[in-house]
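# Summary of the model geometry
Spelled out from the first residue to the last, the chains are:
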Amino acid sequence: PTKQNELFADYLAGGYMFYRNRNFKTTDLNAAFRSFYNMGDNDFTSPGHHGTPASRLTCIKQGYNDCLKAFQQGKVFTLDDGVRLAKLFVTTHDLN
């Protein structure tokens, strides 16, 4: 399903933004979050529905925050961790 795939990718994008901010180049997080929010839609009947503005924002923030939390606990948040947690988050939360 397109929506689940997009929300999964949004979560991973949040994790990437954390590492990018931390290790390479500072990102304007508010602008990035706003951009993902603005990419959302409410066209629930469209086969190309990518998630509501709120669900897209929720997923990117969750990915970012999970990476931040791991870092604060002295843990390494791997891509495998991100994939596992993204799948879990997208499939267990009501994300319209």
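These numbers come from a predicted model, not from an experiment.

Analysis parameters
Residues numbered from 1 in each chain as written. Predicted model: local features only at pLDDT ≥ 70, side-chain atom pairs only at ≥ 80, totals over all residues. Heavy atoms only, no water. pLDDT = per-residue confidence, 0-100. Helix = DSSP H or I, 4+ residues; strand = E, 2+ residues; numbered from the N terminus. Buried < 20%, exposed > 50% of the residue type's maximum accessible area, 1.4 Å probe, protein only. Salt bridge = Lys/Arg side-chain N within 4 Å of Asp/Glu carboxyl O. Phe/Tyr/Trp six-rings, centres within 6.5 Å; stacked < 30°, edge-to-face > 60°. Polar contact = N/O pair within 3.5 Å; in protein donor to acceptor, adjacent residues only side chain to side chain. Contact = heavy atoms within 4.5 Å.

Per-residue confidence for the chain gives a mean pLDDT of 93; residues scoring 70 or more make up 99%. Confidence, read as mean pLDDT per element, is least for helix α1 (residues 2-23) in the chain (93) and greatest for helix α3 (residues 53-72) (96).

A few words now on the environment of M39. With respect to the helices and strands, the residue M39 is situated in helix α2 (residues 29-39). For M39, a relative accessible area of 41% corresponds to the partly exposed category. For the pair formed by M39 and L57, sequence separation is 18 residues and the distance between their alpha carbons is 9.4 Å.

A few words on the pattern of salt bridges. Between side chains of opposite charge, a pair can form when the charged atoms approach closely. Overall, the coordinates contain 3 salt bridges when judged by the stated rule. Here R56 makes a salt bridge to E6, at a shortest N to O gap of 3.3 Å. Pair noted here: R56 is in helix α3 and E6 is in helix α1, with a separation of 50 residues, a long-range link. Judged by relative accessible area, which is 24%, E6 ranks as partly exposed. D10 is paired through a salt bridge with R56; the nearest N and O atoms lie 2.7 Å apart.

This next bit is on the packing of aromatic side chains. Inspection of every chain in the model, using the stated rule, returns 5 aromatic pairs. For the ring pair F18 and Y64, a centre distance of 5.6 Å and an interplane angle of 75° mean the geometry is edge-to-face. Remark: Y64 occurs in helix α3 and F18 occurs in helix α1; sequence separation between them is 46 residues. Clustering of aromatic rings is evident, with ring pairs tying together F18, Y19, F33, Y64 and F71.

A separate point is the side chain of N21. Structurally, the position occupied by N21 is in helix α1. Within the local environment of N21, its side chain forms a polar contact with the backbone nitrogen of T27, the two atoms lying 2.4 Å apart. If sequence neighbours within four positions are ignored, N21 has contacts with T26, T27, L29 and Y64.

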